[in-house]
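Survey of secondary and tertiary structure
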Amino acid sequence: MFLALLVVTFLVATVVSMIVMQAFLAPVDQILSRIIADEISGAWRRYLMFAMYVVGVSSGVRIWELERYITKPPYPDAEIIKLTPERWVLEVYRTVIETLQGVAWVLLVFFLVSLFAFVVLRVFEMVWPRRERHAG
């Protein structure tokens, strides 16, 4: 039963990560093509998608919490928690929420760094033409 739960949480985390990646693919492409106006923006996009996948799955599949179902607690008269249908629903729900949280953090960091890069680019674009006018 534990192995099935592990596989299900992995699949749920993978599907949720892929759905979020598809939802943000176009905005990420636009941002990267604006900031990195080169062919390398495709490589950065692929890396970001990979990072979203890895963080989403690792956030969604919480091994340390799933261990409760196979490890007896260290205090006397303790029992291993049983995997009931209610617990399955709870674990799948937790997987969805934790996956979304992990991917949201990756996207937040990406958008903050992108915003900073965009501001630096804008300042550079505003200053550069002035220097050309004064030099000529």
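The following paragraphs examine the structure supplied in this document. Model, not experiment: these values are computed from the prediction. (Residues numbered from 1 in each chain as written. Predicted model: local features only at pLDDT ≥ 70, side-chain atom pairs only at ≥ 80, totals over all residues. Heavy atoms only, no water.)

Some thoughts on the overall build of the protein
A count of helices and strands for the protein gives 4 helices and 0 strands. For the protein, the succession of helices and strands along the chain, N to C, is α-α-α-α. Its C-alpha atoms give the protein a radius of gyration of 22 Å, clearly above 14 Å, the size a compact globule of 136 residues would have. In the protein, the share of contacts with a sequence separation of at least 24, taken over all contacts with a separation of at least 6, comes to 78%. Here the protein has roughly 9,500 Å² of accessible surface; of this, 70% comes from carbon and sulfur atoms. For the protein, the separation between the mean place of its 13 positive charges and that of its 12 negative charges on side chains is 7 Å. (Helix = DSSP H or I, 4+ residues; strand = E, 2+ residues; numbered from the N terminus. Rg over C-alpha atoms; globule rule 2.2 N^0.38 Å. Contact = heavy atoms within 4.5 Å. Areas by Shrake-Rupley, 256 points an atom, 1.4 Å probe, with all protein chains shown as cover. Lys, Arg positive; Asp, Glu negative; His and termini not counted. Charge placed at Lys NZ, Arg CZ, Asp CG, Glu CD.)

Describing the packing of aromatic side chains
This model, assessed by the stated rule, comprises 3 aromatic pairs. Taken together, a centroid distance of 6.4 Å and an interplanar angle of 90° make the contact between Trp44 and Tyr47 edge-to-face. Here the residue Trp44 and the residue Tyr47 both occupy positions in helix 2 (residues 40-60), the gap between them amounting to 3 residues, near one helical turn. Overall, the relative accessible area of 45% leaves Trp44 in the partly exposed class. Tyr47 sits in the exposed class, given a relative accessible area of 52%. The structure contains a cluster of three or more aromatic residues connected by ring pairs, namely Phe24, Phe110 and Phe111. (Phe/Tyr/Trp six-rings, centres within 6.5 Å; stacked < 30°, edge-to-face > 60°. Buried < 20%, exposed > 50% of the residue type's maximum accessible area, 1.4 Å probe, protein only.)

Here we look at the layout of surface pockets
Roughly 260 Å³ of volume is contained in the largest pocket. What lines the largest pocket is a set of 13 residues, among which Leu32, Trp44, Phe110, Val113 and Ser114 lie closest to the centre. The biggest single contributor to the lining of the largest pocket is helix 4 (residues 85-135), with 6 residues. Looking at the lining of the largest pocket, its residues break down into 12 nonpolar, 1 polar and no charged. (1 Å grid on protein atoms, 1.4 Å probe; cavity = no way out; pocket = protein on both sides within 12 Å on 5 of 7 lines; lining within 4 Å. Points joined across faces, edges and corners; volume = space filled by probe spheres on them. Nonpolar A, V, L, I, M, F, W, Y, C, P; charged D, E, K, R; others polar.)

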